[in-house]
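Next come the chains, spelled out residue by residue.
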There are 2 protein chains.
Amino acid sequence: MARVREKDEVADREFILNIAASLIRQHGFKGMTTRKIAQACGMLPGSLHYRYRTKEAIVVDLMKLAMERSTSAIELACQGIDDPLLRVRMGLRAHLETLVNGNDIVYVLLFEWRSLEGQARAEMIALRDEYEQFWLGMIKGVQDLGLLRRDLSVSLLKLLSFGAVNWVATWYRPSGAMTLDQIADTIWVMVTQGVLVPEAHELAEASRYPSGVPSV
Amino acid sequence: MARVREKDEVADREFILNIAASLIRQHGFKGMTTRKIAQACGMLPGSLHYRYRTKEAIVVDLMKLAMERSTSAIELACQGIDDPLLRVRMGLRAHLETLVNGNDIVYVLLFEWRSLEGQARAEMIALRDEYEQFWLGMIKGVQDLGLLRRDLSVSLLKLLSFGAVNWVATWYRPSGAMTLDQIADTIWVMVTQGVLVPEAHELAEASRYPSGVPSV
DNA sequence: GTCTATACTCTGATAGAC
DNA sequence: GTCTATCAGAGTATAGAC
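Here the structure is a predicted model, which means the values were calculated and not measured.

How each quantity is defined
Residues numbered from 1 in each chain as written. Chains lettered and ligands numbered in written order. Predicted model: local features only at pLDDT ≥ 70, side-chain atom pairs only at ≥ 80, totals over all residues. Heavy atoms only, no water. Helix = DSSP H or I, 4+ residues; strand = E, 2+ residues; numbered from the N terminus. Buried < 20%, exposed > 50% of the residue type's maximum accessible area, 1.4 Å probe, protein only. Contact = heavy atoms within 4.5 Å. Areas by Shrake-Rupley, 256 points an atom, 1.4 Å probe, with all protein chains shown as cover. Near = heavy atom within 4 Å. Polar contact = N/O pair within 3.5 Å; in protein donor to acceptor, adjacent residues only side chain to side chain. Axes fitted to C-alpha atoms, helices over the stretch in contact; angles between N-to-C directions. Parallel < 35°, antiparallel > 145°, perpendicular 65-115°, else oblique. Left-handed = near helix turned anticlockwise from the far one by under 90°. Nonpolar A, V, L, I, M, F, W, Y, C, P; charged D, E, K, R; others polar. Buried area = accessible area lost by both parts, 1.4 Å probe. Salt bridge = Lys/Arg side-chain N within 4 Å of Asp/Glu carboxyl O. Phe/Tyr/Trp six-rings, centres within 6.5 Å; stacked < 30°, edge-to-face > 60°.

1. A closer look at the overall build of chain A
Helix and strand counts for chain A come out as 10 helices and 0 strands. Secondary structure of chain A in N-to-C order comes out as α-α-α-α-α-α-α-α-α-α. Overall, the C-alpha framework of chain A stretches about 65 × 45 × 40 Å when taken along its three principal axes. Here chain A, with 216 residues, has 51% of them falling under the buried criterion. Sequence separation of at least 24 residues holds for 68% of the intrachain contacts in chain A that already meet a minimum separation of 6. As presented, chain A carries roughly 10700 Å² of accessible surface, and 53% of it is formed by carbon and sulfur atoms.

Listed below in C-alpha cells is the structure:
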C-alpha cells in the first residue's frame, strides 16, 4: 500500500512541475502565477499551497528534477562507452535531446535560474556547477588523449560549446527543417573540426585584426 | 533652441532605457515595474507614464535602440574590410562587445523578447530576423569563396555560432579570468578550425553512434 | 488532501492640479 | 513635463471547514 501511494506522489509531482515549467517558459517566473498552475492541474490555489508552501519552492523542486533528468540521460547515453571522443559526442546528443524533446523543465533550469533569489538561487547555482563539472570531466578525457589543441582553455571550450547547444532551444521547432540528429552532427563537426575546408585553416589562422582596432 | 531640446530628449531616452534594461535583466519583464524605473530615473510613476503610455511601449523602444546599436557597431567594425573571412571575425567581435560591454540593452533584446506579446512581439521578431539576415550575408561571403565545408547548412551554422557567442553573456564577468579578446579568438578558432588537433580530425569524423542507439 | 473565503500587497494605468 | 492622488485588478499566501 505504501508503495502505491509513493508512486502516485511522484507522478503528481512531475505532473505539477511539467505544467509549471511550461508556464514559466511562456511567461517567465514572475508571469507564471500559482493560480494558473493550480487551474491547469485541476486544483484550486489552496490545494496547491498544501503541496508547495511558496511559489519559489515549486521552482526549486522543478530545477532539481531537471538536473536529475539531464544527468541521468547523459549517464545513460555514455554507459559502456570507453572512447572519450565518442562519450562527448553521445553526451552532447543526449543533452540536446532532453533540452528540446523532453519538456520545458530543462529549458527552465538553463534559462530561468536567474529568477531565483537568495538561498534558492545559491542552491541552484551549486547544482548547475556540479552539472557543468561533469561536462568538464568528459572534455578532459579527450584532452588526456592529447587530442585537444593545447592553445585553448578547456573550461572556456566547455562554456562555448554549451552555448552552441543550449541556444538551439531558443529556435528549434520539431516541425522545422532540421532534425535533432542533423543539428547534433553539425555541432559535432563544427566544434571538433571547424566549418572551413581544411585548405582554409591557414587563412583563418592568419587573419589578424587590422592595426588601429582598439582592444576590447 | 529646438536642437538643444532634441539632444536632451535623446539623452533622456537612453537614460531611461538603460535603467529599464538593467531592471529587466535582473528581474525579468514582469518583475520590472514601472514604479522601479521611475524611481531609478528620479521621477514619479505619473511622469514616466507621460513618456511611455504603457509598460510594453518602453520595452519596444528599448529593443529598437538595441538593434540600432548592435547593427551600427558591426557595420563600423567591418567598414573598409574586403576579406569576407576577416569581416566575419571582426563582426563577431563587435557583436560580442556590444552584448557584454555595452550595457544590458542588447542582452534584453536577445534574451527577453519572448516577454512581448501580440503585435509588439511580431515587430521584434521581424527586426531580429533582419539582424540575423545581415549575419547570413556575411557568412555567405565566405561560402562564395569556396572556404566553407559543403556538407553543412549555412543557416544552421549561423544559429550555432550565434549561440556560442550569445551564451557568453550568461557567464561573462569583466572581472573574470578571460578577456573579451581571448574569448572572441577562441570562438573564432573553435568555429573555423575546430578544437581538436589536426591529427584527430579523422577520429572525430569516424566516430559513429553504436548500433542500438535510437534516432532522436 | 481539497475546498471556500479572504487578508494584504503590489501593479499598471488614469485624472487633474500645478 | 512633472506631481498628487487614486482606481481597479491581479498577485501570494493564509485560515479554517469538510
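2. What about the protein's contact with DNA strand C?
Close to DNA strand C lie 13 residues, the nearest being Leu44 and Ser47 of chain A together with Arg35, His49 and Lys55 of chain B. Backbone atoms, meaning sugar and phosphate, form 63% of the atoms of DNA strand C found within 4 Å of the protein. Measuring from a phosphate oxygen of DNA strand C, one finds a side-chain N or O atom of Arg51 of chain A at 3.3 Å. Elements with a contribution of two residues or more to the surface near DNA strand C: α3 (45-51) of chain A together with α2 (34-40) of chain B. Looking at the surface near DNA strand C, the element that brings in the most residues is α3 of chain A, giving 4 residues.

3. Some details on the packing of helix α5 (residues 84-102) of chain A against helix α7 (residues 118-144) of chain A
All names here are of chain A. Contact pair α5 / α7: the axes reach a minimum separation of 7 Å and the direction vectors enclose 150 degrees. Taken together, the axes of α5 and α7 lie roughly antiparallel to each other. α5 and α7 meet at a crossing whose hand is left-handed. Along the contact surface, α5 presents Pro84, Leu85, Arg87, Val88, Gly91, Leu92 and His95, while α7 presents Tyr131, Trp135, Met138, Ile139, Gly141 and Val142. Residue composition of the contact of α5 with α7, grouped by class: 9 nonpolar, 3 polar and 1 charged.

4. Thoughts on the protein's contact with DNA strand D
Near DNA strand D, the surroundings consist of 14 residues, among which Thr34, Arg35 and His49 of chain A together with Leu44 and Ser47 of chain B are the closest. Within 4 Å of the protein, the contacting atoms of DNA strand D are drawn from sugar and phosphate to the extent of 70%. Between Lys55 of chain A and DNA strand D, the recorded distance is 2.9 Å, taken from a backbone N or O atom to a phosphate oxygen. One of the backbone nitrogen or oxygen atoms of Leu44 of chain B is found 3.0 Å away from a phosphate oxygen of DNA strand D. Among the secondary structure elements, those contributing two or more residues to the surface near DNA strand D are α2 (34-40) of chain A together with α3 (45-51) of chain B. Per-element tally for the surface near DNA strand D: the top contributor is α3 of chain B, with 4 residues. Here the residues of the surface near DNA strand D sort into 4 nonpolar, 6 polar and 4 charged.

5. What to know about the interface of chain A and chain B
At the interface, 68 residues of chain A touch 68 residues of chain B. Together chain A and chain B conceal approximately 6500 Å² of surface at their shared face, both sides included; 68% is due to carbon and sulfur atoms. The interface formed by chain A and chain B holds 0 salt bridges in total. Our count for the contact surface shared by chain A and chain B stands at 16 residue pairs in polar contact (both at pLDDT 80 or more). Where the side of chain A that touches chain B is concerned, the elements lending two or more residues are α1 (2-31), α5, α6 (104-111), α8 (154-171), α9 (180-193) and α10 (201-206) of chain A. Counting residues per element, the side of chain A that touches chain B draws most heavily on α9 of chain A, at 14 residues. When the residues that make up the side of chain A that touches chain B are grouped by side-chain class, the tally is 40 nonpolar, 17 polar and 11 charged.

6. Considerations on the packing of aromatic side chains
How two aromatic rings sit relative to each other is given by the distance of their centres and the angle of their planes. Throughout the structure, instances matching the rule amount to 8 aromatic pairs over all chains. Arranged with centres 6.4 Å apart and planes meeting at 70 degrees, the rings of Trp135 of chain A and Phe162 of chain A form a pair that is edge-to-face. Linking Trp135 of chain A in helix α7 with Phe162 of chain A in helix α8, this pair joins segments that are 27 residues apart in sequence. Both rings, one in Tyr131 of chain B and one in Phe162 of chain B, keep their centres 6.1 Å apart while their planes meet at 55 degrees; by these two values the pair is tilted.

7. Comments concerning the pattern of salt bridges
On inspection of all chains with the given rule, the structure shows 23 salt bridges over all chains. One salt bridge in this structure joins Arg51 of chain A and Asp12 of chain A, with 3.3 Å as the shortest N-O distance. Of this pair, Arg51 of chain A sits in helix α3 while Asp12 of chain A is found in helix α1, placing the two residues 39 residues apart along the sequence. Look at Arg51 of chain A and you get partly exposed, because its relative accessible area is 37%. Relative accessible area serves as the criterion here: at 32%, Asp12 of chain A is assigned to the partly exposed category. Residue Glu205 of chain B pairs with Arg149 of chain B through a salt bridge whose shortest N-O separation is 3.7 Å. Taken together, the positions of Glu205 of chain B in helix α10 (residues 201-206) and Arg149 of chain B in the loop between α7 (118-144) and α8 (154-171) put the pair 56 residues apart, joining distant regions of the chain. With a relative accessible area of 36%, Glu205 of chain B lands in the partly exposed category. Taking the relative accessible area as the measure of exposure, Arg149 of chain B reaches 15% and is therefore buried. One network of salt bridges, in which partners are shared, links Arg13, Asp61 and Glu68 of chain A.

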